[in-house]
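Single-letter residue listing:
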Amino acid sequence: MNVLSCSINTLKGLYDISGVEVGQHFYWQIGGFQVHAQVLITSWVVIAILLGSATLVVRNPQTIPTDGQNFFEYVLEFIRDVSKTQIGEEYGSWVPFIGTMFLFIFVSNWSGLFYLGKSYSYLMGMAYFYAGLTKKGLGYFDFTKPLSLSFRLFGGF
């Protein structure tokens, strides 16, 4: 019983720590629910990007595909291949669901690049690797310095 109460107290402590927030967050009250505004706005922007780009590319399909058409066909083939590899021959009905989830999560994660602090740290890391690779070729892969610089730059924001 003592071990159980110790485990419960540990879990309660972890729950309290998970409530710690860094920075300023905006919340809206919608119908009695508290909604995280940045998450809601980002989700709607990601949905608009996905629907808008798909609509622009698919509205006038060409026999000889355009660059956008080629890109979307490549993404669709990638999702089909991953689905077939993971699910098996009955993958067809799962492609729309897996594709939607994959694209939403992928674009949502990359949307974090547009926040100012993250953008600078990503830019710093990419610039460091670019300079190293152009100067020393493929033999150059020292991850510690650019990661350290990127984390310090992000931490400054």
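Keep in mind it's a predicted model, so treat the numbers as computed, not measured. (Residues numbered from 1 in each chain as written. Predicted model: local features only at pLDDT ≥ 70, side-chain atom pairs only at ≥ 80, totals over all residues. Heavy atoms only, no water.)

Q: What should I look at first to understand a nonpolar patch on the surface in this one?
A: A cluster of nonpolar side chains, Trp28, Ile30, Ile41, Val45 and Ile49, forms an exposed patch at the surface whose accessible area comes to about 440 Å². For the nonpolar patch, the secondary-structure elements that each account for two or more residues are strand S1 (27-30) and helix H2 (37-58). At three residues, H2 tops the list of elements feeding residues into the nonpolar patch. Topologically, isoleucine 41 is positioned in helix H2. (Patch = residues over 30% accessible without salt bridge, like charges linked within 9 Å, V, L, I, M, F, W, Y side chains within 5 Å. Areas by Shrake-Rupley, 256 points an atom, 1.4 Å probe, with all protein chains shown as cover. Salt bridge = Lys/Arg side-chain N within 4 Å of Asp/Glu carboxyl O. Helix = DSSP H or I, 4+ residues; strand = E, 2+ residues; numbered from the N terminus.)

Q: I'm lost on the confidence of the model for the protein in this one. Help?
A: Caution applies to low-pLDDT parts of the model: their predicted coordinates are not meant to be read in detail. Summing up the model confidence of the protein, the mean pLDDT is 75 and the portion of residues at 70 or higher is 63%. Summarising per-element confidence for the protein, the mean pLDDT is lowest in helix H1 (residues 2-18) (54) and highest in helix H3 (residues 67-87) (90). (pLDDT = per-residue confidence, 0-100.)

Q: Would you take a moment to explain the packing of aromatic side chains for this structure?
A: Any pair of aromatic rings gets described here by the distance separating the centres and the angle formed by the planes. Inspection of the entire model under this criterion finds five aromatic pairs. With a centroid separation of 5.7 Å and 50° between ring planes, the pair formed by phenylalanine 78 and phenylalanine 102 is classed as tilted. Highlighted residues: phenylalanine 78 in helix H3 and phenylalanine 102 in helix H4 (residues 95-111), separated in sequence by 24 residues. For phenylalanine 78, a relative accessible area of 39% corresponds to the partly exposed category. The class for phenylalanine 102 is partly exposed, based on a relative accessible area of 33%. (Phe/Tyr/Trp six-rings, centres within 6.5 Å; stacked < 30°, edge-to-face > 60°. Buried < 20%, exposed > 50% of the residue type's maximum accessible area, 1.4 Å probe, protein only.)

Q: What is the right way to look at the side chain of serine 83 in this model?
A: In this fold, serine 83 is placed in helix H3. Given a relative accessible area of 1%, serine 83 falls into the buried group.

Q: Hey, could you run me through H2 in this one?
A: An α-helix turns once per 3.6 residues; consequently, residues spaced three or four apart project the same way. Taking 1.5 Å as the rise per residue, H2 with 22 residues should run 32 Å; its terminal C-alpha atoms sit 31 Å apart, in good agreement. Of the residues making up H2, those classed as buried are Ala37, Val46 and Val57. The buried residues of H2 occupy an angular sector of 160° when projected down its axis, which confines them to one face. Turned more than 90 degrees away from the buried face of H2, the exposed residues are Trp44, Leu51 and Val58. Of the surrounding elements, those touching the buried residues of H2 are S1, strand S2 (33-36), H3 and H4. (Expected span 1.5 Å × (residues − 1). Arc of directions from axis to C-beta. Contact = heavy atoms within 4.5 Å.)

Q: Any chance you could explain the packing of H2 against H4 here in plain terms?
A: Contact geometry of H2 with H4 gives a least axis separation of 10 Å together with a crossing angle of 120°. Between H2 and H4, the angle falls in the class oblique. Of the two possible hands of crossing, H2 and H4 adopt the one that is right-handed. Contacts between H2 and H4 pair Thr42, Ser43, Val46, Ile47 and Leu50 from the former with Leu103, Phe104, Val107, Ser108 and Ser111 from the latter. A class-by-class count of the residues in the contact of H2 with H4 yields six nonpolar, four polar and no charged. (Axes fitted to C-alpha atoms, helices over the stretch in contact; angles between N-to-C directions. Parallel < 35°, antiparallel > 145°, perpendicular 65-115°, else oblique. Left-handed = near helix turned anticlockwise from the far one by under 90°. Nonpolar A, V, L, I, M, F, W, Y, C, P; charged D, E, K, R; others polar.)

Q: Quick question: what am I supposed to make of the packing of H2 against H3 here?
A: For any two helices packed against each other, one specifies the inter-axial angle together with the distance between the axes. Running from N to C, H2 and H3 cross one another at 120°; their axes reach a closest spacing of 9 Å. Considered as vectors, H2 and H3 are oriented oblique to each other. For the crossing formed where H2 meets H3, the hand is left-handed. From H2, Ser53, Ala54 and Val57 reach across to H3, where they touch Gly68, Gln69 and Phe72. Partitioned by chemical class, the residues of the contact of H2 with H3 number three nonpolar, three polar and no charged.

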